[in-house]
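# Structural features, examined
One-letter residues, chain by chain:
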Amino acid sequence: MANLDNGGNYQKEYQAFIAKLFKFHAENGNPIKRIPMLGGRELDLYHLYSKVKALGGVETVTRCRLWGEVARSYNLPATVTSASYAVRMHYAKYLEKFVEAMETGNFTSGHAPLMPRPPPRPLVPSLSRTSSSGHASNPASSHHALQARIPQLRAVLQATHLQQPKEPRGGLCCDRLVRSLQCGLPNEVDFTLNVLTMLSYGGGVTEG
């Protein structure tokens with residue numbers, strides 16, 4: 001992701017931030033293998049951290065539904081759909097525990113490392129895009145397999161939403177997610193899988 005902020009010191013600040021972020025995850029048994037992508041470019045995690053902090057922190061951004069504003073600050077192409085969900089997911093995965101550790105002072109040397117967050121539990125295991133042998137499955141067969149599991153997926157989504165009866169206005173409905181899978185477009189499928197990942201962490205998802 002290209003640098004979105006001006007200033008001669010930004011690159012140095014970025015490099016220092018990324019080094020500390022990678023060190024934190026490595027020491028907590030969750031090493032970052034590569035910078036996540038958004039819109040075909042590397043996501044500037046330092047910009048994401050700075051933007052959320054400027055808006056009052058992750059709780060304020062979530063409560064006030066400002067993830068859309070965070071996503072727009074990246075000036076992404078119009079073809080990138082569901083960017084607000086993507087930046088929220090990446091913040092939760094890469095930055096949330098890191099920021100919490102910095103704010104509580106647990107990041108300084110000499111403190112015991114925080115326990116890493118367990119990986120998301122799969123809501124529907126067969127949604128994986130790879131075969132059991134670890135090789136990428138045929139796109140056509142994967143699509144047919146996914147379509148065959150949509151009734152089961154709908155039931156899982158309905159059960160998930162029943163556990164969250166007070167989903168705020170703008171919350172995603174089961175039918176919206178099912179339609180995203182039924183259309184078969186890569187962006188829509190990725191969008192639904194991103195939402196399922198966030199639901200696996202136990203959080204609600206709202207339109208940003």
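Residues numbered from 1 in each chain as written. Predicted model: local features only at pLDDT ≥ 70, side-chain atom pairs only at ≥ 80, totals over all residues. Heavy atoms only, no water.

### Regarding the overall build of the protein
On a plain count of helices and strands, the protein comes out with nine helices and two strands. Listing every helix and strand of the protein by position from the N terminus yields α-β-β-α-α-α-α-α-α-α-α. A burial count over the protein gives 36% of its 208 residues as buried. Per element, the accessible surface of the protein, about 12000 Å² overall, is 54% carbon and sulfur. (Helix = DSSP H or I, 4+ residues; strand = E, 2+ residues; numbered from the N terminus. Buried < 20%, exposed > 50% of the residue type's maximum accessible area, 1.4 Å probe, protein only. Areas by Shrake-Rupley, 256 points an atom, 1.4 Å probe, with all protein chains shown as cover.)

### A word on the packing of aromatic side chains
Aromatic ring pairs are described here by two measures, namely the spacing of the ring centres and the angle between the planes. In total, this model carries eight aromatic pairs according to the counting rule given. Relative to Tyr49, the ring of Tyr46 lies with its centre 6.3 Å away and its plane at 20°, an arrangement referred to as stacked. You can see Tyr46 and its partner Tyr49 sitting in helix H2 (residues 45-54), three residues apart, about one turn around the helix. Residue classification places Tyr46 among the buried positions, given a relative accessible area of 13%. In this structure an aromatic cluster arises from ring pairing among Tyr10, Tyr14, Phe17, Phe24, Tyr46, Tyr49 and Phe98. (Phe/Tyr/Trp six-rings, centres within 6.5 Å; stacked < 30°, edge-to-face > 60°.)

### As for helix H1 (residues 10-27)
Its 18 residues give H1 an end-to-end C-alpha distance of 26 Å, which sits within 8% of 26 Å, the value for a rise of 1.5 Å per residue. Among all positions in H1, only Tyr10, Tyr14, Phe17, Ile18, Leu21, Phe24 and His25 are buried. Buried residues in H1, looked at end-on, bunch into an arc of 125°, giving them a common side. Those residues of H1 that are buried lie in contact with H2 and helix H5 (83-104). At the exit of H1 stands Gly29, carrying a positive phi of roughly 75°. (Expected span 1.5 Å × (residues − 1). Arc of directions from axis to C-beta. Contact = heavy atoms within 4.5 Å.)

### Examining the nonpolar core
Judged by nonpolar contacts, the single largest core of 32 residues is most densely connected at Phe17, Leu45, Leu48 and Leu95. If you list the elements that add at least two residues to this core, you get H1, H2, helix H4 (67-72) and H5. For this core, the element with the most residues is H5, which contributes nine residues. What Leu48 contacts, discounting residues up to four positions off in sequence, is Leu43, Trp67, Val70, Tyr74, Val87, His90, Tyr91 and Leu95. (Core = buried A, V, L, I, M, F, W, Y, C linked by side-chain atoms within 4.5 Å.)

### Side note on the confidence of the model for the protein
Close inspection of predicted coordinates is inappropriate for parts of the model with low pLDDT. Summary statistics for the protein give a mean pLDDT of 73 and a share of 54% for residues scoring 70 or more. Note that pLDDT drops below 50 for residues 1-5; the model gives that stretch 15 contacts with residues more than four away or on any other chain. Under a pLDDT of 50 for its full length, residues 108-134 has, in the predicted model, 45 contacts with residues more than four places off or in other chains. (pLDDT = per-residue confidence, 0-100.)

### Quick look at the pattern of salt bridges
One pass over the structure, following the stated rule, counts two salt bridges. The shortest N-O distance in the salt bridge between Lys23 and Glu27 comes to 2.7 Å. Taken together, the residues Lys23 and Glu27, both in helix H1 and four residues apart, mark about one turn of the helix. Under the relative-accessibility criterion, Lys23 is labelled partly exposed at 46%. (Salt bridge = Lys/Arg side-chain N within 4 Å of Asp/Glu carboxyl O.)

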